[in-house]
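The primary structure of each chain is shown beneath.
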Amino acid sequence: MTGLLKDIFCGIITVLKSKYKLIFILFALWIYRIDFIPEDGSGIGKAIQIVSLFGLLAILYRKSPNLFSFSYQQTPIQIRSLLWLYSFAVISTLWAFIPSFAFFLAFQNLVMIMLWIWIMSLCRTFKQMEKLFIIVCICVAVFESIGARAVAFGFSPFIHFLPGASTGALTFSYCVGEYLSNKCKDRDRRGFLMASMIISLIVMITSTSSGANASAVGALGIALLFSGNLFLSFVFIGISLTLYLNPNLVESLMMWLMPGKTMESINTASGRTVLWELIKIKTAERPLIGWGFACIERAIGTEFLGETTSDAHSNFVGMYGSLGIIGLLLFVFHLGVHTLNAFKNRAKLGYLGILCATICAIVNSYSYGFLSGKTCSITIVYFGLVVLSYYYYKVKYYE
């Protein structure tokens, strides 16, 4: 673990001394804004977010003028389908409940996808690319974990902070998939993955998100099933059969994974099913195109609740409400092609990790709309996974 911490520290120092330091600073400001600066009407939060986002966009255009045409025309379907989705989200500005809000959040996602595409194009080897991805995820998760305690909640061992928990869960899922893969034979890489698993698991557990915990367990099951290890596969099948034959054990396990919950709150998604029903009622007025990207929560908040509702707590319901049937179909199509690509290539280096983390993201998307609403750290990690699924094709393991 000390090796990983040294890599992170040395990496940050190196970047701050390099020509990429402005990108690092702007991205750190952007993360800090979305996590810890509430929009209280003063405009400070919005100003930081706009300056950092368009600063990143300007740098990307200066360093790679053809990046946008390349991304839309030459990347594989799993990336292009994601770009199509958020391009449609940008177009939804024309009919959005809050046009400026819909435009900025959708455009923001496009910029972050482009940022990953450009960053990964700089890597020349698989090891370099994977280490960069994991270190970025670990840095964001640890930054959020420390920042949440320092800024918002006080220094307590356990806090409820969903972005940090979910980022930790996605990172853990990727690392456990690759660690258990029969392709992982490099001793240095195994040590790096193990240290990353431990840190991401600590962040996830101490951030107390039941959705993140459950999604990480699902990813672990996928890792065991496709690990290439016959013993681990039989263990997974045995556990699955045991749970299937013992419903009471399943209930006890759910209580353990979701501390502070009751079966009633789990079955109703902590009361969110009421919110989902309101979204369905409102979206019935515009079933094909919805109310504009990330706007359905604002629409039902204004009409039914008398207060702002920030998140649908479901990517699927959120997409349906914001972008209608068209947007939901684009979203499901993207998830399908991306997951299928990872599944088909699961025997290749890096892809079992991508598959496990993707399953983790899909399971977690039933509890948080990180792709259908505001961009956050979980969104960034997911975009990185999609981009990795393309660049892993293009690089060798060593230089």
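Further up the page is the structure itself.
Calculation notes
Residues numbered from 1 in each chain as written. Predicted model: local features only at pLDDT ≥ 70, side-chain atom pairs only at ≥ 80, totals over all residues. Heavy atoms only, no water. Helix = DSSP H or I, 4+ residues; strand = E, 2+ residues; numbered from the N terminus. Buried < 20%, exposed > 50% of the residue type's maximum accessible area, 1.4 Å probe, protein only. Contact = heavy atoms within 4.5 Å. Disulfide = S-S within 2.5 Å. Phe/Tyr/Trp six-rings, centres within 6.5 Å; stacked < 30°, edge-to-face > 60°. Lys NZ or Arg CZ within 6 Å of the ring centre and 35° of its normal. Salt bridge = Lys/Arg side-chain N within 4 Å of Asp/Glu carboxyl O. Axes fitted to C-alpha atoms, helices over the stretch in contact; angles between N-to-C directions. Parallel < 35°, antiparallel > 145°, perpendicular 65-115°, else oblique. Left-handed = near helix turned anticlockwise from the far one by under 90°. Core = buried A, V, L, I, M, F, W, Y, C linked by side-chain atoms within 4.5 Å. Patch = residues over 30% accessible without salt bridge, like charges linked within 9 Å, V, L, I, M, F, W, Y side chains within 5 Å. Areas by Shrake-Rupley, 256 points an atom, 1.4 Å probe, with all protein chains shown as cover. Expected span 1.5 Å × (residues − 1). Bend = angle between axes of the 7 residues up to and from the residue. Nonpolar A, V, L, I, M, F, W, Y, C, P; charged D, E, K, R; others polar. Arc of directions from axis to C-beta.

A.B. asks: An account of the overall build of the protein is requested, with residue identities and associated values reported.
C.D. replies: For the protein, the helix and strand inventory stands at 18 helices and zero strands. Put simply, the protein has 399 residues, and 53% of those count as buried. When contacts within the protein are restricted to residue pairs at least 6 apart in sequence, those whose partners lie at least 24 apart make up 73%.

A.B. asks: Please set out the state of the cysteines residue by residue, giving values where relevant.
C.D. replies: In this structure the tally under the stated criterion is zero disulfides. Its sulfur unpaired, Cys137 is 8.1 Å from the next cysteine sulfur, which belongs to Cys175.

A.B. asks: Which residues make up the packing of aromatic side chains, and what values do they have?
C.D. replies: In this structure the tally under the stated criterion is 19 aromatic pairs. Considering the side-chain rings of Phe126 and Tyr392, the 4.5 Å spacing of their centres and the 45° angle between planes classify their relative orientation as tilted. On the criterion of sequence distance, the pair formed by Phe126 in helix α7 (residues 126–153) and Tyr392 in the segment after α18 (377–391) is long-range, its members being 266 residues apart. Take Phe126 and Tyr392: they sit in the same class, and that class is buried. Between Tyr390 and Tyr391, the aromatic rings sit 4.8 Å apart at their centres with planes inclined by 55°, giving tilted as the arrangement. Members of the aromatic cluster, joined through ring pairs, are Tyr32, Phe36, Phe143 and Phe161. Note that Arg346 overlies the ring of Phe343, its terminal NZ or CZ placed 4.1 Å from the centroid.

A.B. asks: I'd like a description of the pattern of salt bridges, backed by residues and values.
C.D. replies: Going through the model one piece at a time under the given rule, you end up with five salt bridges. Between Arg189 and Glu178 there is a salt bridge; the shortest N-O distance is 2.7 Å. Of this pair, Arg189 sits in helix α9 (residues 187–206) while Glu178 sits in helix α8 (residues 162–180), placing them 11 residues apart in sequence. As far as the burial class goes, Arg189 and Glu178 line up, both buried.

A.B. asks: Kindly report on the packing of helix α14 (residues 272–283) against helix α16 (residues 315–344), identifying the contributing residues and their values.
C.D. replies: Running from N to C, α14 and α16 point in directions that differ by 25°, and their axes come no closer than 9 Å. In terms of orientation, α14 lies roughly parallel with respect to α16. Regarding α14 and α16, the two cross each other, and that crossing is left-handed. Residues Trp276, Ile279, Lys280 and Thr283 of α14 form the contact with α16, whose own contacting residues are Val317, Tyr320 and Gly321.

A.B. asks: Please set out unusual backbone geometry residue by residue, giving values where relevant.
C.D. replies: Non-glycine residue Ala294 carries a positive phi angle of around 65°. Structurally, Ala294 can be placed in the loop between α14 and α15 (296–305). Residue Ala294 is classed as buried on the basis of its relative accessible area of 0%.

A.B. asks: Describe the nonpolar core, with residues and values.
C.D. replies: Membership of the largest hydrophobic core comes to 103 residues, with the highest contact counts inside it found for Tyr86, Met112, Met120, Phe133, Tyr174, Phe293 and Phe383. The biggest single contributor to this core is helix α6 (residues 99–121), with 15 residues. With residues up to four places along the chain from it excluded, the contact list for Tyr86 reads Ala106, Asn109, Leu110, Ile113, Phe293, Met319, Leu371 and Phe383. One finds Leu275, Leu278, Ile279 and Val317 within the second-largest nonpolar core, a separate group that totals 10 residues.

A.B. asks: Let's hear about a nonpolar patch on the surface: which residues, and what values?
C.D. replies: Taken together, the side chains of Leu16, Leu22, Phe24, Ile25 and Leu29 define a hydrophobic patch exposed on the protein surface, amounting to about 390 Å² of accessible area. Counting residues per element, the nonpolar patch draws most heavily on helix α2 (residues 21–36), which supplies four residues. Within the secondary structure layout, Leu16 lies in helix α1 (residues 2–16).

A.B. asks: Pulling in residues and values, what's your account of α16?
C.D. replies: Here α16 contains 30 residues, and its C-alpha end-to-end distance of 25 Å is more than 12% below the 44 Å for a straight helix at 1.5 Å per residue. Along α16, the sharpest kink reaches roughly 130°, centred on Leu323.

A.B. asks: Before we move on, can you summarise the packing of helix α17 (residues 351–364) against α18 with the specific residues and values?
C.D. replies: The interhelical angle for the contact between α17 and α18, taken along N-to-C directions, is 145°, at an axis separation of 10 Å. α17 and α18 meet at a crossing whose hand is left-handed. Taking contact as the criterion, the partners of Tyr351, Ile354, Ala357, Thr358 and Ala361 in α17 are, on α18, Tyr382, Leu385, Leu388 and Ser389. Of the residues belonging to the contact of α17 with α18, the class tally is seven nonpolar, two polar and no charged.

A.B. asks: Go over α14, please, and point to the residues and values.
C.D. replies: Between its first and last C-alpha, α14 extends 16 Å over 12 residues, near the 16 Å set by a 1.5 Å rise per residue. Every buried residue of α14 is listed here: Leu275, Trp276, Leu278, Ile279, Lys282 and Thr283. Buried residues of α14, viewed axially, fall in a sector of 160°; they line one side.

From the geometry alone we can't say anything about function, so treat these as descriptive.
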